[in-house]
Amino acid sequence: MASDQEEPAVLVRVLRLVETLVMLAATADEQVAWCRRHGWCEDELALDFDWANGLVPSVDEQAPGLLSPALHECLRQIDDLLGRMGGQANADKWTAVGLATDPDWAEIRNLARRALTEVTGLVRVPSPEVL
């Protein structure tokens, strides 16, 4: 379990992961609006996930067992799917129309919702103080 000094950093990392999962789980219209509001291109949804997913190893190190195997599996599947969607041949996936119509995006939304369900189930039981 993380020490009191590490706890805020762990929580911030988990919250950052949740933020990116919320955006990946959002409807295409919500994703497009988010991108426009923040001056992002659609592919930055994947870049944001990649960055947040990169925080997971430090969460695992500082708070072993906090993130469930099911959450890890969802994150792996999202990462794999986003990775396969790269390249010029898939450029149409990274448009407002692609977000709304591409079946890969429907699967990413489904996986992100499953991941969020896992996150909402996080329970931390404090370890007893050593006397």
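See the structure shown above.
All values reported here derive from a predicted model rather than from experimental measurement.

Visitor: Sorry if this is basic, but what is going on with the packing of aromatic side chains here?
Guide: The relation between two aromatic rings is expressed through the spacing of the ring centres and the mutual angle of the planes. Here the structure, examined in full by the defined rule, presents two aromatic pairs. Considering the side-chain rings of Trp34 and Trp40, the 6.3 Å spacing of their centres and the 85 degrees angle between planes classify their relative orientation as edge-to-face. Of the residues examined, Trp34 reaches a relative accessible area of 27% and is grouped as partly exposed. Summarising the aromatic geometry, the rings of Trp94 and Trp105 are spaced 5.3 Å apart at their centres and angled 85 degrees between planes, so their arrangement reads as edge-to-face. Placement of the pair is Trp94 in the loop between α5 (69-84) and α6 (96-101) and Trp105 in helix α7 (residues 103-120), with a sequence separation of 11 residues. The same class applies to Trp94 and to Trp105, which are both buried.

Visitor: For this particular structure, what's the right way to read α5?
Guide: The α-helix winds at 3.6 residues per turn, so residues separated by three or four positions along the chain end up facing the same way. An ideal rise of 1.5 Å per residue puts 22 Å on 16 residues; α5 measures up with 22 Å between its terminal C-alpha atoms. Buried within α5 we find Leu71, Cys74, Leu75, Ile78, Leu81 and Leu82. Considered in projection along α5, the buried side chains sweep an arc of 130 degrees and stay on one side of the axis. Those residues of α5 that are exposed and aimed more than 90 degrees away from the buried face are Pro69, Gly83 and Arg84.

What counts and what doesn't
- Residues numbered from 1 in each chain as written.
- Predicted model: local features only at pLDDT ≥ 70, side-chain atom pairs only at ≥ 80, totals over all residues.
- Heavy atoms only, no water.
- Phe/Tyr/Trp six-rings, centres within 6.5 Å; stacked < 30°, edge-to-face > 60°.
- Buried < 20%, exposed > 50% of the residue type's maximum accessible area, 1.4 Å probe, protein only.
- Helix = DSSP H or I, 4+ residues; strand = E, 2+ residues; numbered from the N terminus.
- Expected span 1.5 Å × (residues − 1).
- Arc of directions from axis to C-beta.

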